[in-house]
2 protein chains.
Amino acid sequence: MYDAAIVGTGPAGISAALNFKLHKKNIIWFGSKELSTKVEKSEKIANYPGLSMISGSELNARFVKQIEEMDIELTEKLVTGITPTGNGFMVLGGNDIYETKTILLALGVVSAKGFPGEKKLLGHGVSYCASCDGFLYKDKKIAVFCADKRFEHEVEFLAELAEKVCLFTTYKDIEINIPNVMHFNQSIKEICGQDSVNKIILSDGTEISVEGVFVLRNAVAPSILLKGLKTDGPHIVVNKNMETNIKGCYAAGDCTGRPYQLTKSTGEGNIAAHSMLEYLSELGKQA
Amino acid sequence: MYDAAIVGTGPAGISAALNFKLHKKNIIWFGSKELSTKVEKSEKIANYPGLSMISGSELNARFVKQIEEMDIELTEKLVTGITPTGNGFMVLGGNDIYETKTILLALGVVSAKGFPGEKKLLGHGVSYCASCDGFLYKDKKIAVFCADKRFEHEVEFLAELAEKVCLFTTYKDIEINIPNVMHFNQSIKEICGQDSVNKIILSDGTEISVEGVFVLRNAVAPSILLKGLKTDGPHIVVNKNMETNIKGCYAAGDCTGRPYQLTKSTGEGNIAAHSMLEYLSELGKQA
């Protein structure tokens, strides 16, 4: 069992990971080796103490180097579900289940609330994980919502299995050119179905029959990720120690609310890690 | 009237100052041009995201450079009193009074609770400011508590005025060699007097008659600085937005509690500045 799982490789996750490493904790860290797209794409950062007028890509490169130097490992899997077990959490990362005593949600802002019907039909035709559930849709017609170019290989994987893929993206320079993938310019308005998905409705009212919908976002909305987690709109409710309402679960960075600032995120990641270290120490005494 | 006053030049104050500058606010920033002694003296900092294994003095030098580049001014005065005025605060810095709409306390940890009698006799023989009150003790016998080498010039200034100075320090390599300054190895246990100071009692029980006591610390204890400020032991109580119980007054960094971490401090400075910017914007709408 891991001491801590960190979900997210933005500034908050990075800050926390550094501290766990220094305290020699056994952690699993989920995210992307590219770390933070948001940081990477920032033009100029003028208010990060100690690094004057640094470009986002330069700062992200520094983060990458620092993690390498400190020999911190990353697991490139999307976390799609977290379940409290009484003495910790089970985390579903890709196809695998990981057990951890504590968990830090450093998800960034998950702006999308999810499509109407998405939450209800999750596990009944709606999936967040191509490699996990793709095989269920062999020779079937599916819709795929792809929010980031990074997930295009998952779309390609699905296209190999499915008969037809109706593709919806939030960006323009799509690099997929496969005969059975049809790209739509409209957006998905609703995912429909009684016991399982049977169609989607588009923004212009068009209805398309599909048997499955894959939603490929950078992160899953917090309240879907972990049932019972207290949220306020798109934000996870935390106290000053970065504790959520669920014991052993902490949150830091943009997902806890404004200001959406790099320095706030690294600060909260630091606080969260220290709260978790204290909690782990208490757990150790009880054992 | 200033938009904001920042008290303290540690990581929290620096982080806040950068943000106020970017938002073109009119601020006054009290502290030392050397910024943070605590950062300066840190041997190696291993958990500051973006700067791998940096020495404290190197990081402090980066802070100094960043502030210069951004053309942020510093006022080298010790703040010894803050008074709410209804629409802001009056700040006593050295001998001068400054008016500000909001104030950020970024004091660091003021470990000392103050000597018994200190708070009661403040302004009645107890002073925090040599240049302000020194003239009151011309040809008199005084005690001086000096917590930092940086204040030795104030001790020298007082020695020129007073008949005799009984000096107490928290460090060893004292560089004062003046005939009327007598250095004691004991510590001050209590400051005594009915209406005004008449003696001090030392740790070994010795009593010394004095007419004044100068207490030269890096910062004044928060509850002495601003009456009515809610504290919890040595810490200022804040919420997640870094608001204290007094409207318009915010706190950030070590003074708000553990973990005493650089990254926590910069993060809180950032959050505080953004809360203050929001508050100033609200004030602007009401005006």
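Residues numbered from 1 in each chain as written. Chains lettered and ligands numbered in written order. Predicted model: local features only at pLDDT ≥ 70, side-chain atom pairs only at ≥ 80, totals over all residues. Heavy atoms only, no water.

What follows concerns the sheet that holds strand β6 (residues 126–127) of chain B. All names here are of chain B. Strand order in the open sheet formed by five strands is β6-β13-β7-β8-β9, and the pairing between neighbours is parallel. The open sheet has two edge strands with one neighbour each: β6 and β9 (181–184). Looking at chain direction, strand β7 (residues 141–146) and strand β13 (residues 212–216) are connected through five bridges and run parallel. Across the sheet, F145 pairs through a bridge with V215, a residue of β13. Where helix α5 (residues 152–161) meets the sheet, it contacts β7, β8 (164–169), β9 and β13, and its direction lies at approximately 175° from that of β7. (Pairing = 2+ DSSP bridges. Helix = DSSP H or I, 4+ residues; strand = E, 2+ residues; numbered from the N terminus. Contact = heavy atoms within 4.5 Å. Axes fitted to C-alpha atoms, helices over the stretch in contact; angles between N-to-C directions.)

Let's shift gears to the interface of chain A and chain B. Taken together, the contact pairs 32 residues of chain A with 31 residues of chain B. Roughly 2,700 Å² is buried in total at the junction of chain A and chain B, and carbon and sulfur atoms are behind 58% of that figure. Among the residues of chain A in contact with chain B, P49, G50 and K240 of chain A are the three that bury the most area, contributing 22% of the side total. For the interface between chain A and chain B, the tally reads zero salt bridges. (Buried area = accessible area lost by both parts, 1.4 Å probe. Salt bridge = Lys/Arg side-chain N within 4 Å of Asp/Glu carboxyl O.)

Residues and elements named next belong to chain A. Here strand β7 (residues 141–146) lies mainly inside the structure; five of its six residues are buried. Note that β7 and strand β8 (residues 164–169) share six bridges and pair parallel. The partner of C146 across the bridge, within β8, is T169. In terms of handedness, the path from β7 via helix α5 (residues 152–161) over to β8 forms a crossover that is right-handed. (Buried < 20%, exposed > 50% of the residue type's maximum accessible area, 1.4 Å probe, protein only. Right-handed = clockwise from strand over helix to strand, strands pointing away.)

Let's shift gears to the side chain of K264 of chain A. For K264 of chain A, the position within the fold is in helix α7 (residues 262–286). Within the structure, the side chain of K264 of chain A is placed 3.1 Å from the backbone oxygen of G253 of chain A, a separation counted as a polar contact. Setting aside its immediate chain neighbours within four residues, K264 of chain A contacts G253, D254, T256, G257, R258 and P259 of chain A together with G267, N270 and I271 of chain B. (Polar contact = N/O pair within 3.5 Å; in protein donor to acceptor, adjacent residues only side chain to side chain.)

Between the two copies of this chain, the relationship is a rotation about some axis together with a displacement along it. Take chain A, turn it by 180°, move it 0.1 Å along the axis, and it overlays chain B with an RMSD of 0.1 Å. In the structure described here, the two chain copies are related by an operation that fits a two-fold rotation axis. Of the C-alpha atoms belonging to chain A, the one lying closest to the rotation axis is found on G267 of chain A, 2.0 Å away. Interface residue correspondence from chain A to chain B reaches 97%, placing this contact among same-surface, isologous pairings. (Least-squares fit on C-alpha atoms with pLDDT ≥ 70 in both.)

This next bit is on the nonpolar core. Grouped together as the largest cluster of nonpolar side chains are 154 residues, with contacts concentrated most on L105, F168 and I200 of chain A together with L105, F168 and I200 of chain B. Residues in contact with L105 of chain A, not counting those within four places in the same chain, are V7, I82, L225, L229, I236, C249, Y250, A251, A252 and C255 of chain A. (Core = buried A, V, L, I, M, F, W, Y, C linked by side-chain atoms within 4.5 Å.)

Turning our attention to the confidence of the model for chain A. When pLDDT is averaged across chain A, the result is 93; 99% of the residues are at 70 or more. What the predictor reports for the complex is a pTM of 0.82 with an ipTM of 0.80. (pLDDT = per-residue confidence, 0-100.)

Moving on to the sheet that holds strand β12 (residues 207–209) of chain B. Residues and elements named next belong to chain B. Taken in spatial order, the three strands line up as β10-β11-β12 in an open sheet, and their pairing is antiparallel. Of all strands in the sheet, those bounded by a partner on one side alone are β10 (188–193) and β12. Strand after strand, the sheet turns through a mean of 25° between neighbouring axes, direction not considered. Examined bridge by bridge, β10 and strand β11 (residues 197–202) share five bridges and lie antiparallel to one another. By the bridge assignment for β11, E190 is matched with I201.

This next bit is on the packing of aromatic side chains. Scanning all chains against the criterion turns up eleven aromatic pairs over all chains. Where Y137 of chain B meets F214 of chain B, the ring centres are 5.4 Å apart and the plane angle is 85°; that geometry is what we call edge-to-face. With Y137 of chain B in the loop between α4 (130–133) and β7 and F214 of chain B in strand β13, this residue pair connects regions lying 77 residues apart in the sequence. Aromatic side chains F168 of chain B and F184 of chain B sit 5.0 Å apart centroid to centroid with 20° between the ring planes, which places their arrangement in the stacked category. Separated by 16 residues along the polypeptide, F168 of chain B in strand β8 and F184 of chain B in strand β9 bring together distant segments of the chain. No difference in accessibility class separates F168 of chain B from F184 of chain B, as the two residues are buried. The cationic tip of R217 of chain A hangs over the ring face of F115 of chain A; the distance from NZ or CZ to the ring centre is 5.4 Å. (Phe/Tyr/Trp six-rings, centres within 6.5 Å; stacked < 30°, edge-to-face > 60°. Lys NZ or Arg CZ within 6 Å of the ring centre and 35° of its normal.)

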